[in-house]
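Structural overview
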Amino acid sequence: MEGAGDDETRTFITQTYRRAEAFLFGRRTYELFAGSWGSIGRMRAHPVGVALNEAPKYVASTTLTAPRWEDTTDLRGDLAAAISELKAKPGGELQVHGSGTLTRWLLENDLVDEMTLIVVPVILGQGTRLFPETGSDLALDLVESRVDSKGVTIQVYRPAGRPRYARV
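No experiment lies behind these values; they were computed from the predicted model shown. (Residues numbered from 1 in each chain as written. Predicted model: local features only at pLDDT ≥ 70, side-chain atom pairs only at ≥ 80, totals over all residues. Heavy atoms only, no water.)

Turning our attention to the nonpolar core. Counting 16 residues, the largest nonpolar core has Leu52 and Trp69 as its most contacted members. Listed by contribution, the elements that provide at least two residues to this core are strand S1 (20-26), helix H2 (27-35) and helix H4 (47-54). Those residues in contact with leucine 52 that lie beyond four places of it in its chain are Tyr17, Phe23, Phe25, Phe33, Trp37, Lys57 and Trp69. Judged by nonpolar contacts, the second largest core, of 14 residues, contains Ala22, Ala60, Ala82 and Leu106. (Core = buried A, V, L, I, M, F, W, Y, C linked by side-chain atoms within 4.5 Å. Buried < 20%, exposed > 50% of the residue type's maximum accessible area, 1.4 Å probe, protein only. Helix = DSSP H or I, 4+ residues; strand = E, 2+ residues; numbered from the N terminus. Contact = heavy atoms within 4.5 Å.)

Here it is in structure tokens:
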């Protein structure tokens, strides 16, 4: 959303991208990013674009045929093993941006170490849910929380296993 968040939030987002060692995408998000951050000159020159273009990119897809963005690897076969191997490499973070289907799969397969949720104060009447309507409950430990001057909230969570509910 154009103009969402204040300067502090935009700086936080840029710093998040810049600390990534590599990026992991689902196919749809990969194609969207490749067509913008990967190919439009002014977007490539933006600090987020620079971070995306300098780091390795991995795509979890069974339908991507020819990755067109440099330094892209299409993950095939045992996806859980491939992602576990990427996570085990020394260095910085393996980040996922967007990629709702992939994010849900990563959560189901206990492959998420930390989540940063940025909530813009807009109600959408349609769209894909980030979290599934059904499935296992997951407890989250709050690591960091902030709200900016425009009402955008940022929460950083770590998965904490199954929640424990109070007995009534």
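Any pair of aromatic rings gets described here by the distance separating the centres and the angle formed by the planes. For the coordinates displayed, the defined rule picks out six aromatic pairs. Aromatic side chains tyrosine 17 and phenylalanine 23 sit 5.9 Å apart centroid to centroid with 35° between the ring planes, which places their arrangement in the tilted category. Across the pair, phenylalanine 23 and tyrosine 17 agree in class, each one buried. Ring pairs connect the aromatic residues Tyr17, Phe23, Phe25, Tyr30, Phe33 and Trp69, which therefore count as one cluster. In this arrangement the basic side chain of lysine 57 is found over the ring face of tryptophan 69, its NZ or CZ atom lying 4.8 Å from the centre. (Phe/Tyr/Trp six-rings, centres within 6.5 Å; stacked < 30°, edge-to-face > 60°. Lys NZ or Arg CZ within 6 Å of the ring centre and 35° of its normal.)

Strand order in the open sheet formed by three strands is S5-S7-S6, with antiparallel pairing between adjacent strands. Bordering the open sheet on either side are strand S5 (115-119) and strand S6 (140-147), each of which pairs with just one other strand. Recorded for the sheet is a direction-independent mean angle of 20° between the axes of neighbouring strands. As paired elements, S5 and strand S7 (residues 153-159) share five bridges and run antiparallel to each other. Following the sheet pairing, leucine 117 is matched in S7 by glutamine 155. In the packing of helix H1 (residues 7-18) onto the sheet, the strands contacted are S5, S6 and S7, and the crossing angle to S6 comes to about 135°. (Pairing = 2+ DSSP bridges. Axes fitted to C-alpha atoms, helices over the stretch in contact; angles between N-to-C directions.)

Any link to function would need more than the numbers given here.
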